[in-house]
Amino acid sequence: MLKRRDFPMLGYGVGLRRQHYSHVLETRPSVDWFEVISENFMVAGGRALEVLEGVRASYPIAMHGVSLSIGSTDPLNRDYLRQLRDLARRFEPAWISDHLCWTGVGGRNLHDLIPLPYTDEAMRHVVARIREVQDILERPLLIENVSSYMAFADSTMTEWEFISTIADEADCGILLDLNNIFVSAFNHRFDANAYIDAVPAERVVQYHLAGHSDHGTHLLDTHDHPICDAVWALYERAARRFGAVSAMVEWDDNIPEFAELARIADRARTTFETATHTANREPLKKTGKPALPADHRA
Amino acid sequence: MSHLKKLESLLYRLITAPSGVAEGLAAERALDAGGLDDIVLGDERLSAEARVDIYANMYFYRLLDALKEDFPATLAVLGDDNFHNLVTGYLLEYPPTEPSLYYCGQHLAAYLRDHPVREGAPFAADLATVERAVVEVFHGPDAAALDPDSMRAIAPADWPALKLGIQPSAQILALDWRVSELLRAVEERRDWTPADRGSHRILVWRRDTRVLYRELDQAEADALAAVSRGATFAEICEVVAVDGGDQDPVAAMNRMLARWLADGLLVRG
């Protein structure tokens, strides 16, 4: 059975974004690790891959996808999966993650994360596909809870029951996006704390921390604002329940200077230490996988 | 068809409905009497339709933003409203099929060629062709460029049969409008003027990680075409001699070779 301790504790990282490529390569800022969007590097050549080579030489990375479409009723896209596997063989990420959702059907791609109904049918469908994906990728997958703006009348279980059952049945990990929990809890009026308290602790391998925008009637997962206090509170709750979990700051629009992202990642570290100290836990012992020297990779 | 597949197909149609979710729903004759409310949960804050509409808006505007980023000069010459209308039609004709947004603009230039919006800017399709090539070259395959030292190391006797190649990411485009100056003006945030008509070829290539482009004269275009199809150095020289007219073919060949090497364009054939 998959356990968090099978994965390295990477510490507190940020998402690698184009605006910061030069800064990261030139200054090698003090941050524990980077999460990269897999699809941005599934290209033949050029600057993106050169940048990733440079970053990987100095930092651990995790690969985070947006187009796996694990919940789609289309056949799995095997070309995509082969490219993803090849990218992972080349850059040796600590893990690969994608979203518990679907992004297209009928051979078309919506380039958006569309929620699934929380039904036995959808659960069985996704479990079978995750198992197949893990075989192709030759490694376990982490699935991330998405922000959602619609829920389905046919759902027979809560979102946390859905993701927990899938993770257990498919034997995969969970990337817990605390902002997504907060956004969906507001949009569908469920208890965010109940979500944190219910997911299987040993399967939570990574957190996302991000901001959202408030549209009055609903919250939108825009990744363009600071992380709000309520999401920090969820993070503290998660820290007390799960212990040391790799965390990452996700910011995709109105992106601030890198130093600001690094400061937020550092806040995640001190928040964890404070929260777990209160709970009399052991202080965080960093066991991050060291970056491979460049000449160890093809 | 499974229940899940029916649901995903319905949501896909509603999210991509060209006139919005409401009109999309009106076309769904197979829905039960309860309509969308039987499928998507609404409440006093947001109806079921309004919730699907959030996804419909995000679908269109995410792709519009991606295309604006890939085609800044085409956007500049068409203007926001025309570009918006162009993209609305484009996404109906060429809905995204690939996992990466990188591909979403791959047919825009072809679509623009027959679109009424180009009447005010007949050079726009050629402009979009070059902008798309810039994106493709940026992400194209890498290859080590030949440098002057490696060329000098080739024995004189080996030159006639020597085969060269050009960077695998490079593209040579045949255009009817001279759009490169317009594109450069937009890139450099200068005022632009409409492109003049004129058939020519343009080379788009990458030196290290930077994408460059320049117009080719007939002799250089023909010579590069010969390089690309695997001609020997002797055959390339013949092309240059035929095209060069009164020019000294040896001097012309030397000039081209020096420029291609400086451009980082040549690779081993």
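The structure displayed is predicted, hence computed values, not measured ones. (Residues numbered from 1 in each chain as written. Chains lettered and ligands numbered in written order. Predicted model: local features only at pLDDT ≥ 70, side-chain atom pairs only at ≥ 80, totals over all residues.)

1. Regarding the domain arrangement of chain B
- The assigned domain composition of chain B is domain 1 (1-60) and domain 2 (71-268).
- Distance between the C-alpha centres of domain 1 of chain B and domain 2 of chain B: 44 Å. (Domains from an automatic or database assignment.)

2. Re the environment of V51 of chain A
All names here are of chain A.
- You can see V51 is positioned in helix α2 (residues 47-56).
- For the pair V51 and L25, spaced 26 residues apart in the sequence, the C-alpha separation amounts to 7.4 Å.
- With residues up to four places along the chain from it excluded, the contact list for V51 reads Y21 and L25. (Helix = DSSP H or I, 4+ residues; strand = E, 2+ residues; numbered from the N terminus. Contact = placed C-beta atoms within 7 Å.)

3. So, the nonpolar core
- In terms of nonpolar packing, the biggest core is built from 166 residues, with I143, I174, L178 and L209 of chain A together with V52, L127 and V204 of chain B touching the most fellow members.
- Counting residues per element, this core draws most heavily on helix α3 (residues 48-70) of chain B, which supplies 10 residues.
- Once residues lying within four places of it in the same chain are set aside, the contact partners of L127 of chain B are A73, T74, V77, V179, L182 and L183 of chain B. (Core = buried A, V, L, I, M, F, W, Y, C linked by C-beta atoms within 7 Å. Buried ≥ 20, exposed ≤ 12 C-beta atoms within 10 Å, placed from the backbone.)

4. Concerning the sheet that holds strand β2 (residues 171-178) of chain B
Residues and elements named next belong to chain B.
- Reading across from one edge, β2-β3-β4 is the order of the 3 strands in this open sheet, with antiparallel pairing throughout. Of all the strands in the sheet, just β2 and β4 (210-216) have a single pairing partner and so form its edges. Strand-to-strand twist of the sheet, defined as the mean angle between neighbouring strand axes without regard to direction, takes the value 30°.
- Relative to β4, strand β3 (residues 196-207) runs antiparallel, the two being bridged by 7 bridges. Looking at the pairing, I202 lines up with E215 of β4.
- In the packing of helix α7 (residues 124-138) onto the sheet, contacts are made with β2, β3 and β4, and the angle to β2 comes to roughly 160°.
- Contacts from helix α9 (residues 180-187) reach β2, β3 and β4 within the one sheet, and its direction differs from that of β4 by about 150°. (Pairing = 2+ DSSP bridges. Axes fitted to C-alpha atoms, helices over the stretch in contact; angles between N-to-C directions.)

5. Here we look at the sheet that holds strand β12 (residues 246-250) of chain A
Residue and element names in this part refer to chain A.
- What the 8 strands build is a closed barrel, ordered β1-β2-β3-β4-β7-β8-β9-β12; its pairing is parallel. Each strand of the sheet is rotated relative to its neighbour by a mean of 30°, with strand direction disregarded.
- Two elements, strand β9 (residues 204-210) and β12, share 5 bridges in a ladder whose sense is parallel. When the sheet's bridge partners are listed, Y207 is paired in β12 with A247.
- The strands touched by helix α4 (residues 120-137) are β4 (96-99) and β7 (141-144); relative to β7, the strand with the most contacts, the crossing angle is about 135°.

6. Here's the deal with helix α5 (residues 159-170) of chain A
Residue and element names in this part refer to chain A.
- Over its 12 residues, α5 runs 16 Å from end to end, which matches the ideal 16 Å to within 8%, given 1.5 Å per residue.
- All of the buried residues along α5 are E159, W160, F162, I163, I166, A167 and A170. Buried residues of α5 fall within an arc of 160° about the axis and therefore sit on the same side.
- Summarising the contacts, the buried residues of α5 are in contact with α4, β7, β8 (173-177), α6 (178-188) and α7 (192-198). (Expected span 1.5 Å × (residues − 1). Arc of directions from axis to C-beta.)

7. Thoughts on helix α1 (residues 3-15) of chain B
- Between the first and last C-alpha of α1 of chain B there are 18 Å, a value that for 13 residues agrees with the 18 Å anticipated at 1.5 Å per step.
- Within the sequence span of α1 of chain B, burial applies to L4, L7, E8, L10, L11, Y12, L14 and I15 of chain B.
- Tucked inside the fold, the buried residues of α1 of chain B contact β5 (102-105), β6 (108-114) and α4 of chain A together with α2 (21-26) and α3 of chain B.

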